[in-house]
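Overview (structure and organization)
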Amino acid sequence: MAKLYFRYGTVSSAKSLNLLAVVHNYQMQNKKVLLIKPKIDDRYGKNIVRSRAGLEKKADLLVDEESHKTVPMSLFEGASCVVVDEAQFLDATFIDLLRSISLELNIPVICYGLRTDFRRNLFAGSRRLLELADAIEEVKTVCNYCNSKAVYNLKLLNGNPTTEGPQIELGAEESYLPVCGNHYEMQFADYSDVDADTTDFSMVH
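Residues numbered from 1 in each chain as written. Predicted model: local features only at pLDDT ≥ 70, side-chain atom pairs only at ≥ 80, totals over all residues. Heavy atoms only, no water.

**Considering unusual backbone geometry**
Stated precisely, the cut-off is as follows: What counts as a helix is a DSSP run of H or I of at least four residues, what counts as a strand is a run of E of at least two, and both are numbered from the N terminus. Relative accessible area decides the class of each residue, using a 1.4 Å probe on protein chains only: under 20% of the type maximum gives buried, over 50% gives exposed, and in between gives partly exposed.
A positive phi angle, near 60 degrees, is found at Asn30, a position not held by glycine. Within the secondary structure, Asn30 is located in the loop between helix 1 (15–28) and strand 2 (33–38). The phi dihedral of Arg120 falls on the positive side, at around 70 degrees, and the residue is not glycine. As for its placement among the helices and strands, Arg120 is situated in the loop between strand 7 (109–113) and helix 4 (124–132). The exposure class assigned to Arg120 is partly exposed, which follows from its relative accessible area of 33%.

Following this line, the structure appears as structure tokens:
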């Protein structure tokens, strides 16, 4: 039976790059892949999935909070794999549909996204994926301020850490940074006082 996968990571952890590599591998074998992204994510264009490395693909399906009512299961028939970018922005009911696709159509569904927001609260889509996914995998990267593994997303406003603002506020690297737990707790402290040489890079592996 095919599985529902949730591959999560912080910002700048190469999630989209990993996703595009998966799509490329299927297409190189002449297999049909359906690439899905939320309509709300229009940073690189309405239907473009792009990594910070510059690689991109056109999404096959754009979804919103009503898509679980309008997208038929028949759309996915014949696909070898369904791949989802920015899955944290999906409605929980659409995650239920993805679960049904993996079970009823026997098609693997691989979702990439953030686990938590800049306040360390779960996104609705991520919460449902954590509840339903057969396999949960972390896409790892290092903290912006040291060599420890990044686990949280730090939001910057005018260059200063903040926990203010709406949960969904799309930004780039200048707005959100990957940080370890220690540096998240120290978000209003002077980072120049932290000795990065004492951190353990092996934590990333």
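**Comments concerning the pattern of salt bridges**
Short version of the rule: By definition, a salt bridge exists where a carboxyl oxygen of Asp or Glu is found within 4 Å of a side-chain nitrogen of Lys or Arg.
Under the counting rule described, the total for this entry stands at 9 salt bridges. Close ionic contact of Asp134 with Arg99 constitutes a salt bridge, the shortest N to O distance being 2.6 Å. With Asp134 in the loop between helix 4 and strand 8 (135–138) and Arg99 in helix 3 (residues 92–104), this residue pair connects regions lying 35 residues apart in the sequence. Under the relative-accessibility criterion, Asp134 is labelled partly exposed at 42%. Connected via shared salt-bridge partners are Asp96, Arg128 and Glu131.

**Re the pairing of strand 6 (residues 81–84)**
The line we're drawing: Note on pairing: DSSP must find at least two bridges between two strands before they are called paired. Convention used here: a crossover is right-handed provided that the path from the first strand, over the helix, to the second strand proceeds clockwise when the strands point away from the viewer.
In strand 6, alternate side chains face the same way, and those of Cys81 and Val83 on one face and Val82 and Val84 on the other are all buried. Where strand 2 lies against strand 6, 4 bridges are found, and the strand directions are parallel. Paired with Val33 across the bridge in strand 6 is Cys81. In the classification by handedness, the crossover that spans strand 6, the intervening helix 3 and the parallel strand 7 is right-handed.

**Some thoughts on the sheet that holds strand 10 (residues 160–162)**
Note the threshold: Axis definition: a line fitted to C-alpha atoms, limited for helices to the stretch in contact. Angles are taken between N-to-C directions and run from 0 to 180 degrees.
One open sheet accounts for 3 strands, arranged 10-9-11; its pairing is antiparallel. Of all strands in the sheet, those with a lone pairing partner are strand 10 and strand 11 (176–179), marking the two edges. Put simply, the sheet's adjacent strands are angled 50 degrees from each other on average, direction ignored. Here 4 bridges tie strand 9 (residues 152–157) to strand 11, and the two strands are oriented antiparallel to one another. The residue bridging Tyr152 from the neighbouring strand is Val179, located in strand 11.

**Section: helix 1**
Test applied: Between the first and last residue of a helix there are one fewer steps than residues, each counted as 1.5 Å, and that sum is the expected span. Our arc is simply the arc of the directions from the helix axis toward the C-beta atoms. Contact criterion: two residues are considered in contact whenever any of their non-hydrogen atoms come within 4.5 Å of each other.
Its 14 residues place the ends of helix 1 20 Å apart at the C-alpha level, agreeing with the 20 Å of an ideal helix rising 1.5 Å per residue. Three or more residues of helix 1 are buried, namely Lys15, Ser16, Leu19, Leu20, Val22 and Val23. What you see down the axis of helix 1 is that its buried residues fit within an arc of 155 degrees, all on one side. Where helix 1 is buried, its residues meet strand 1 (4–8), strand 2, strand 3 (48–50), strand 4 (56–58), strand 6 and strand 7.

**Considerations on helix 3**
In this model helix 3 runs 18 Å from its N-terminal to its C-terminal C-alpha over 13 residues, within 8% of the 18 Å that 1.5 Å per residue would give. Burial in helix 3 covers these residues: Phe94, Ile95, Leu97, Leu98, Arg99, Ile101 and Ser102.

**Examining the nonpolar core**
General note: in soluble globular proteins, nonpolar side chains tend to be found buried as a group. This is how the line gets drawn: To qualify as a nonpolar core, a set must consist of buried Ala, Val, Leu, Ile, Met, Phe, Trp, Tyr and Cys residues joined through side-chain atoms within 4.5 Å.
Counting residues in hydrophobic clusters, the biggest one holds 25 residues, and the most contacted among them are Ile36, Phe76, Val82, Val84, Leu98 and Cys111. Elements with a contribution of two residues or more to this core: strand 1, strand 2, strand 5 (61–63), strand 6, helix 3, strand 7 and helix 4. Ranked by residues supplied to this core, first place goes to helix 3 with 5 residues. Setting aside anything within four residues of it in sequence, one finds Leu98 in contact with Leu4, Ile36, Val82, Val84, Leu90, Val109 and Cys111. Counting residues in each nonpolar core, the second largest holds 15 residues, with Val49, Cys81, Val83 and Ala135 among its members.

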